[in-house]
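For reference, the chains in residue letters:
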Amino acid sequence: MKEIVYTDRAPAAIGPYSQAILCGGMLYTSGQIPLSPVTGQLVGEDIRTQTEQVLQNLSAVLEAAGTSFDHAVKTTCYLADMADFAAFNEIYAAHIHSAPARSCVAVRDLPRGALVEVEMIVSLPEN
């Protein structure tokens, strides 16, 4: 059985998808880009500011599902420019300490001209 996760502390989906799905004790998030949950507009023009917003959005989705970055199993990270890799890693490492498996790739374009997008697979904490 699957359950849709939604929080107004993260941007609403801008297409036909959910912020996240709970299924089998795991949370699968959709990719988050640096949109403000209040305005729906892109936040920041640099990789550091945008990465902070992406991670705030993901944290809100995880919290709504009853989990956190500490339970991250896998992240997939998309960068518009691999030259931003070091700065992205610095912000990412400041938030995610559990060393999940990770892929990080450069892509040609991201929605709304974002510089970064991150999706996660996260386990639910055992009660």
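Residues numbered from 1 in each chain as written. Predicted model: local features only at pLDDT ≥ 70, side-chain atom pairs only at ≥ 80, totals over all residues. Heavy atoms only, no water.

J.: What exactly am I supposed to notice about unusual backbone geometry here?
T.: Across residues other than glycine, the phi torsion is negative in most instances, and most of the peptide bonds are trans. Even without glycine at this site, Ala99 takes up a positive phi of about 50 degrees. Tracing the chain through its elements places Ala99 in the loop between α2 (85–95) and β5 (101–106). The exposure class of Ala99 is exposed, given its relative accessible area of 67%. The phi dihedral of Arg112 is positive, around 60 degrees, even though this residue is not glycine. Mapping Arg112 onto the fold places it in the loop between β5 and β6 (116–123). (Helix = DSSP H or I, 4+ residues; strand = E, 2+ residues; numbered from the N terminus. Buried < 20%, exposed > 50% of the residue type's maximum accessible area, 1.4 Å probe, protein only.)

J.: Even after reading the chapter, I still don't get the pairing of β5, so can you show me in this structure?
T.: Sheet faces and side chains relate simply in a regular strand, where the side chains alternate between the two faces. Of the pairings in the sheet, the one linking strand β4 (residues 72–79) to β5 comprises 6 bridges and is parallel in character. Paired with Cys77 across the bridge in β5 is Cys104. Taken together, β4, α2 and β5 form a β-α-β motif whose crossover is right-handed. (Pairing = 2+ DSSP bridges. Right-handed = clockwise from strand over helix to strand, strands pointing away.)

J.: When you look at the nonpolar core in this model, what are you seeing that I'm missing?
T.: If you look at soluble globular proteins, the nonpolar side chains tend to sit buried side by side. Counting 27 residues, the largest nonpolar core has Leu27, Phe88, Val118 and Met120 as its most contacted members. Those elements that place two or more of their residues in this core are β2 (20–23), α1 (47–64), β4, α2 and β6. Considering every element that reaches this core, the biggest residue donor is α1, with 7 residues. With sequence-adjacent residues up to four places away left out, Val118 is seen in contact with Ser30, Gly31, Gln32, Val54, Leu58, Thr76, Cys77 and Phe88. (Core = buried A, V, L, I, M, F, W, Y, C linked by side-chain atoms within 4.5 Å. Contact = heavy atoms within 4.5 Å.)

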